[in-house]
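So you can see what is in the structure, the chains are spelled out below.
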Amino acid sequence: MPTTINVTVFGQFKLEYNGHIISYDLNRSYKTWNLLAFIIMNSKKPSITREDFISSLWSVENYAPGNTLKTQIFRAKEMLKLLDLADTECILSKRGAYNWNPDIIINLDADIFEALITEADSDSLSSKDKISKYIAAVSI
């Protein structure tokens, strides 16, 4: 059975697996959470290069962005260990690039929201069903 992590980006950003939750309350490192969110939002990409991280997360004036990246990746990996995924690595690295482990499914609330809105916009639904879908989306 594949591993699925529930990720909430609406409201408080948090990750949950099997009753284990990590959130900003646990670790208030803004850079680490930004990096983790960036990896999750790009989880379908085969790899995220060092340049992708640096151009998206840090300014070019940032002192030693390469070292900052390595430090933040390490911290994110340590945080993810708290989800108790046994020996499964969530963030993989290869030749200076990183990616989310494709064996770990992300159940992202933003994707669920988007799917509900798309379904609600369907002309084939009754008004009652459309309203139900919109209410479900708003509740997220």
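Note that the coordinates shown come from a computational prediction; the quantities given were computed from them, not determined experimentally. (Residues numbered from 1 in each chain as written. Predicted model: local features only at pLDDT ≥ 70, side-chain atom pairs only at ≥ 80, totals over all residues. Heavy atoms only, no water.)

**Some remarks on the overall build of the chain**
Okay, so step 1: Secondary structure summary: the chain contains five helices and seven strands in total.
Okay, so step 2: For the chain, the α and β elements follow one another from N to C terminus as β-β-β-α-β-α-α-β-β-β-α-α.
Okay, so step 3: For the chain, the spread of C-alpha atoms along the three principal axes comes to 55 × 35 × 30 Å.
Okay, so step 4: In the chain, of all internal contacts separated by at least 6 residues, the share reaching a separation of at least 24 is 50%.
Okay, so step 5: Of the roughly 8800 Å² of accessible surface on the chain, 53% is carried by carbon and sulfur atoms.
Okay, so step 6: Of note, the chain has its 15 positive side-chain charges centred 6 Å away from the centre of its 17 negative side-chain charges. (Helix = DSSP H or I, 4+ residues; strand = E, 2+ residues; numbered from the N terminus. Contact = heavy atoms within 4.5 Å. Areas by Shrake-Rupley, 256 points an atom, 1.4 Å probe, with all protein chains shown as cover. Lys, Arg positive; Asp, Glu negative; His and termini not counted. Charge placed at Lys NZ, Arg CZ, Asp CG, Glu CD.)

**Things to note about the pattern of salt bridges**
Okay, so step 1: A complete count under the given rule lists three salt bridges for this structure.
Okay, so step 2: Taking the shortest distance from any N to any O, the salt bridge between Asp111 and Lys44 comes out at 4.0 Å. Taken together, the residues Asp111 in helix α4 (residues 109–120) and Lys44 in the loop between α1 (30–41) and β4 (48–49) connect sequence positions 67 residues apart.
Okay, so step 3: The class for Asp111 is partly exposed, based on a relative accessible area of 37%.
Okay, so step 4: Lys44 gets classed as exposed once you look at its relative accessible area, which sits at 74%.
Okay, so step 5: With its nearest N and O atoms 2.9 Å apart, the salt bridge here joins Lys81 to Glu78.
Okay, so step 6: Among the residues examined, Glu78 registers a relative accessible area of 34% and is labelled partly exposed. (Salt bridge = Lys/Arg side-chain N within 4 Å of Asp/Glu carboxyl O. Buried < 20%, exposed > 50% of the residue type's maximum accessible area, 1.4 Å probe, protein only.)

**Side note on the packing of α4 against helix α5 (residues 127–139)**
Okay, so step 1: Interaxial distance between α4 and α5 falls to 8 Å at its minimum, and their mutual angle equals 165°. Considering their axes alone, α4 and α5 lie roughly antiparallel with respect to each other. The two elements α4 and α5 meet at a crossing, and its hand is left-handed. Note on element contacts: α5 touches α4 through Lys130, Lys133, Tyr134, Ala136, Ala137 and Val138, opposite Phe113, Leu116, Ile117, Glu119 and Ala120.
Okay, so step 2: Along the lines of polarity and charge, the residues of the contact of α4 with α5 split into eight nonpolar, no polar and three charged. (Axes fitted to C-alpha atoms, helices over the stretch in contact; angles between N-to-C directions. Parallel < 35°, antiparallel > 145°, perpendicular 65-115°, else oblique. Left-handed = near helix turned anticlockwise from the far one by under 90°. Nonpolar A, V, L, I, M, F, W, Y, C, P; charged D, E, K, R; others polar.)

**As for the layout of surface pockets**
Okay, so step 1: By volume, the largest pocket amounts to about 190 Å³.
Okay, so step 2: Taken together, Ile40, Met41, Ser43, Lys44, Trp100, Pro102, Ile104, Ile105, Ile106, Leu108 and Asp111 make up the lining of the largest pocket.
Okay, so step 3: Counting residues per element, the ones that place at least two in the lining of the largest pocket are α1 and β7 (104–108).
Okay, so step 4: Considered as a void within the structure, the second largest pocket measures approximately 150 Å³ in volume.
Okay, so step 5: The residue makeup of the lining of the second largest pocket, split by class, is five nonpolar, one polar and four charged. (1 Å grid on protein atoms, 1.4 Å probe; cavity = no way out; pocket = protein on both sides within 12 Å on 5 of 7 lines; lining within 4 Å. Points joined across faces, edges and corners; volume = space filled by probe spheres on them.)

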